[in-house]
Amino acid sequence: MIEPIKTLTPDISRFDTFLDIARNRMTSREFRDEPIPDEHVEMILEAARHAPSGANAQPWHFIVVTKPELKKAIADYFVGEQRRRAKMKMKFPTPNYRGLETAPGLIVVVADFRFTRAFPVLNDGSDLDRQYQENAERILLQSVAAATMSAHLAAASLGYGVWWVTAVGQEDAQKALKPLLGIPDDLSVIDIMAFGKPSKAPYKRWKKALADIVSRDRFDMRNYMTPEQVEAWVREHRHKVMYRDESKID
Ligand SMILES: Cc1cc2nc3c(=O)[nH]c(=O)nc-3n(C[C@H](O)[C@H](O)[C@H](O)COP(=O)(O)O)c2cc1C
């Protein structure tokens, strides 16, 4: 039985606890070789289970990877992908995916895109249907992200560094990863969650200030970026904000 919240007076101490977890959830990409107790894995998954989802479809499945040879095979795929991207000169500042091999906690998040049917679609192949289908896909992605985020926050609350890996969307990645984990063909690997005690002290990355992301009643055009500004941001800032402590950004 879930205890109902007994009072309507906001309990600031609960918020403070929550914000401390949200603020201190930080990405780590290398972990100490210390096993995660099974009950922690269970607690993290329990948090994911309660996430909201469009039409309450819960279009997700979680595969807890425990075997070292599977972790190595997953890491090998990503290290290979890193080399392929470098050859294609994609210029994306790619991290070292070897860290996946030694992540004590590794959960592969699987999405069931067939559940876009649970959202409003016409299914008649019309142009209008295409628009609804696109939106249905967004609803599904947001749903799985909600569950993933719950799991990440739960892991952070237990003191773990977390790593959200999405470089798995391409067809090749699906073909490489699904057979490894016996995932049926009509499901998709959507992301991988790695977690554990960080091997290096985690650092806080740059976050936009509230004033830069919030408007009241009407979009504040001072926060609008032109396409050229977005391009310039990707060129000049992206690499700094991805891998640097916010206090060390010039
Ligand atoms: C949807 C999403 C996709 C991400 N994909 C990757 C990824 O493929 N590889 C990676 O190393 N980090 C990935 N990250 C981690 C981000 O790089 C990281 O969250 C960001 O730099 C902010 O740092 P923070 O998590 O410490 O706040 C992803 C995060 C999110 C939310």
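As a reminder, the structure under discussion sits directly above these lines.
A brief report on the enclosed structure follows. (Residues numbered from 1 in each chain as written. Predicted model: local features only at pLDDT ≥ 70, side-chain atom pairs only at ≥ 80, totals over all residues. Heavy atoms only, no water.)

### Observations concerning the overall build of the protein chain
Within the protein chain one finds eight helices and four strands. In terms of C-alpha radius of gyration, the protein chain reaches 20 Å, essentially the compact-globule figure of 18 Å for 250 residues. With respect to the three principal axes, the spread of C-alpha positions in the protein chain is 55 × 55 × 50 Å. Taking all 250 residues of the protein chain together, 36% fall into the buried category. Positive and negative charge centroids in the protein chain, built from 37 and 35 side chains respectively, lie 5 Å apart. (Helix = DSSP H or I, 4+ residues; strand = E, 2+ residues; numbered from the N terminus. Rg over C-alpha atoms; globule rule 2.2 N^0.38 Å. Buried < 20%, exposed > 50% of the residue type's maximum accessible area, 1.4 Å probe, protein only. Lys, Arg positive; Asp, Glu negative; His and termini not counted. Charge placed at Lys NZ, Arg CZ, Asp CG, Glu CD.)

### Let's talk about the packing of aromatic side chains
All chains considered together, the criterion is met by five aromatic pairs. Relative to Phe 78, the ring of Tyr 77 lies with its centre 5.6 Å away and its plane at 80°, an arrangement referred to as edge-to-face. In terms of burial, Tyr 77 and Phe 78 fall into one category: buried. One aromatic cluster is present, built from ring pairs that chain together Tyr 77, Phe 78, Tyr 97 and Trp 163. (Phe/Tyr/Trp six-rings, centres within 6.5 Å; stacked < 30°, edge-to-face > 60°.)

### Quick look at the sheet that holds strand S3 (residues 161-165)
Pairing is antiparallel across the open sheet formed by four strands, whose spatial order is S1-S2-S4-S3. The strands lining the two open edges of the sheet, one partner per strand, are strand S1 (60-64) and S3. Strand-to-strand twist in this sheet, taken as the mean axis angle between neighbours without regard to direction, amounts to 20°. Bridging between S3 and strand S4 (residues 188-196) involves five bridges; their strand directions are antiparallel. If you follow Val 165 over to S4, its bridge partner there is Ile 192. Its contacts with the sheet put helix H4 (residues 127-157) on S1, strand S2 (105-111), S3 and S4, and the angle it makes with S3 is roughly 160°. Along the sheet, helix H5 (residues 171-181) contacts S1, S2 and S4; its crossing angle with S4, the most-contacted strand, is approximately 70°. (Pairing = 2+ DSSP bridges. Axes fitted to C-alpha atoms, helices over the stretch in contact; angles between N-to-C directions. Contact = heavy atoms within 4.5 Å.)

### Quick word on the site of the ligand
In the region of the ligand, 14 residues are neighbours, and Thr 27, Trp 164, Thr 166, Arg 205 and Lys 207 sit closest. A distance of 2.8 Å separates an oxygen atom of the ligand from a polar side-chain atom of Arg 25. Between the ligand and the protein, one listed contact pairs a nitrogen atom with a side-chain N or O atom of Tyr 97 at 2.7 Å. When isolated, the ligand has an accessible area of 620 Å², and the protein chains bury 73% of it. Structurally, the ligand is housed in the largest pocket. Considering each element in turn, the shell around the ligand owes the most residues, three residues, to S3. Of the residues that constitute the shell around the ligand, the class distribution is eight nonpolar, two polar and four charged. (Near = heavy atom within 4 Å. Polar contact = N/O pair within 3.5 Å; in protein donor to acceptor, adjacent residues only side chain to side chain. Areas by Shrake-Rupley, 256 points an atom, 1.4 Å probe, with all protein chains shown as cover. 1 Å grid on protein atoms, 1.4 Å probe; cavity = no way out; pocket = protein on both sides within 12 Å on 5 of 7 lines; lining within 4 Å. Sits in = over half its atoms within 2 Å of the grid points. Nonpolar A, V, L, I, M, F, W, Y, C, P; charged D, E, K, R; others polar.)

### Re the side chain of Asp 191
Counting through the fold element by element, Asp 191 comes out in strand S4. No salt bridge is formed by the buried Asp 191; its nearest oppositely charged neighbour, Arg 25, is found at 12 Å. Not counting residues within four places of it along the chain, the set of residues in contact with Asp 191 comprises Ile 107, Val 108, Val 109, Thr 148, Trp 164, Val 165, Thr 166 and Val 168. (Salt bridge = Lys/Arg side-chain N within 4 Å of Asp/Glu carboxyl O.)

### Regarding helix H2 (residues 38-49)
Here H2 contains 12 residues, and its C-alpha end-to-end distance of 16 Å stays within 8% of the 16 Å for a straight helix at 1.5 Å per residue. Of all the positions in H2, only His 40, Val 41, Ile 44 and Ala 48 are classed as buried. Considered in projection along H2, the buried side chains sweep an arc of 105° and stay on one side of the axis. Within H2, the exposed residues directed more than 90 degrees away from the buried face are Asp 38, Glu 39 and Glu 42. At its buried positions, H2 is contacted by S1, S2, H4 and S4. (Expected span 1.5 Å × (residues − 1). Arc of directions from axis to C-beta.)

### Quick look at the pairing of S4
Judged by how many residues are buried, S4 sits mostly within the fold: nine of nine residues are covered. As defined by bridge partners, S2 adjoins S4 across seven bridges and the pair is classed as antiparallel. Across the sheet, residue Val 110 finds its bridge partner in S4, namely Val 189.

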